[in-house]
Amino acid sequence: MGNFKGHALPGSFFLLFGLWWSVKYPLKYACRKNKNACYLGSRAGFQRLEFVEGIIKAVFALIGMVAEQFVPDGPHLKLYNYEEKHWDHLMNWQHATMYLFYGISGLVDIVAHRTSALPVAMDKMVLSLAVFIEGFLFCYHLHGRTMLDVHVHQLLLFAIFGAAACIFLEVFFRGSIVLEMLCTSLCILQGSWFWQIGFVLYPPNGRPEWNQMDHTNMMFLTMCYCWHYAFAFLILAVNYTIISWAVRSKVKQAQSMEMGLLKTSERDQESENEI
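Residues numbered from 1 in each chain as written. Predicted model: local features only at pLDDT ≥ 70, side-chain atom pairs only at ≥ 80, totals over all residues. Heavy atoms only, no water.

Peer 1: Residues and numbers for the overall build of the protein chain, please.
Peer 2: Looking only at helices and strands, one finds seven helices and two strands in the protein chain. The order of α-helices and β-strands along the protein chain, N terminus first, is α-α-β-β-α-α-α-α-α. Evaluated residue by residue, the protein chain yields a buried proportion of 44% over its 275 residues. As displayed, the protein chain has an accessible area near 15500 Å², and 68% of this comes from carbon and sulfur atoms. (Helix = DSSP H or I, 4+ residues; strand = E, 2+ residues; numbered from the N terminus. Buried < 20%, exposed > 50% of the residue type's maximum accessible area, 1.4 Å probe, protein only. Areas by Shrake-Rupley, 256 points an atom, 1.4 Å probe, with all protein chains shown as cover.)

Structure follows, in structure tokens:
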């Protein structure tokens, strides 16, 4: 959808997943270091989370595909206009194709974490391909656009291909907290930048339009892109700090309880010996 909602929808999806990953990965890392700290520290617990995440990803992708096809000005599954002899709403079809591959990634997550039918790391491989396909489509999504329109989408490509590369590396370095956090930061960046593109190209509520040919606007938006990434890192830092503190506190509490039980057991044993 070439409007504000068409950018806000994928932006919201990426932001939600990025925020969730900013909690999941630090929690997984902390629980791996302190296996007795939380129930989710078990492999089965995280597999359940991955399974649910796959369902949500597939549902989000289906919503995106339906929205791109059946909005009032959408193609309604019509790819070619035989009356006027031209392709019909190719922008919507490209967006729907992007959602299709994320839906496939969600289905692979469901199968991979519910059964043992797929090889290890297949979920990461398919997700990296889905992200790459998104970037590949956007590379040929900018023909005939204005200078500012092309620039903001080119900035988006850095986050997309960066995330694709990180996820691909996770196939070989599975469980690397550094790669997981880097991928999360790029996912948050992609989500917030989709929203920014919507505000720049399609200002809502009658706000003044940006000058599409002003080079200073390009300079500002490039700087703004860096601010978005700094904001993503801030979110990661806050969530990582809170989760690490919570897990350490739980470990200390569990250790105190164990010491108390041990002392009580020793006193009971001494009393039995005296009797």
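Peer 1: Report on the nonpolar core, specifying residues and quantitative values.
Peer 2: Counting residues in hydrophobic clusters, the biggest one holds 42 residues, and the most contacted among them are W21, Y102, V131, F138, L156 and W193. With near-sequence residues (within four places) excluded, Y102 lies in contact with F14, K57, A61, L127, A130, V131 and E134. Counting seven residues, the second largest nonpolar core, distinct from the first, contains L27, C31, F46 and V251. (Core = buried A, V, L, I, M, F, W, Y, C linked by side-chain atoms within 4.5 Å. Contact = heavy atoms within 4.5 Å.)

Peer 1: Explain the side chain of Q69 to me, and be specific about the residues and the numbers.
Peer 2: Looking at the secondary structure, you find Q69 in helix α2 (residues 43–70). Q69 sits in the buried class, given a relative accessible area of 5%. Look past the residues within four positions of Q69 in its chain and what remains in contact with it is G74, P75, H76, L77, W93 and A96.

Peer 1: Got a sec to walk through helix α6 (residues 177–201)? Specific residues and values, please.
Peer 2: An ideal rise of 1.5 Å per residue puts 36 Å on 25 residues; α6 measures up with 36 Å between its terminal C-alpha atoms. Counting buried residues in α6 gives 21 out of 25 residues, a clear majority hidden from the surface. (Expected span 1.5 Å × (residues − 1).)

Peer 1: Can you break down the pattern of salt bridges residue by residue, with the values?
Peer 2: In total, this model carries six salt bridges according to the counting rule given. E50 is paired through a salt bridge with K24; the nearest N and O atoms lie 3.1 Å apart. Pair noted here: E50 is in helix α2 and K24 is in helix α1 (residues 4–33), with a separation of 26 residues, a long-range link. Assessed through its relative accessible area of 11%, E50 is described here as buried. A salt bridge links E170 to K124; the shortest N-O distance between them is 3.2 Å. Remark: K124 occurs in helix α4 (residues 122–139) and E170 occurs in helix α5 (residues 147–172); sequence separation between them is 46 residues. As far as burial versus exposure is concerned, E170 and K124 are alike and both buried. (Salt bridge = Lys/Arg side-chain N within 4 Å of Asp/Glu carboxyl O.)

Peer 1: Explain the packing of aromatic side chains residue by residue, including any values.
Peer 2: A complete count under the given rule lists 21 aromatic pairs for this structure. Both rings, one in F138 and one in F194, keep their centres 6.0 Å apart while their planes meet at 55°; by these two values the pair is tilted. Here F194 lies in helix α6 and F138 lies in helix α4, a separation of 56 residues in the sequence. Ring pairs connect the aromatic residues F13, F17, W21, Y25, F60 and Y99, which therefore count as one cluster. A cation over a ring is seen here: K28 above F46, with NZ or CZ 5.8 Å from the ring centre. For the cation-ring pair, R114 lies above F51, with the distance from its terminal atom to the ring centre recorded as 4.6 Å. (Phe/Tyr/Trp six-rings, centres within 6.5 Å; stacked < 30°, edge-to-face > 60°. Lys NZ or Arg CZ within 6 Å of the ring centre and 35° of its normal.)

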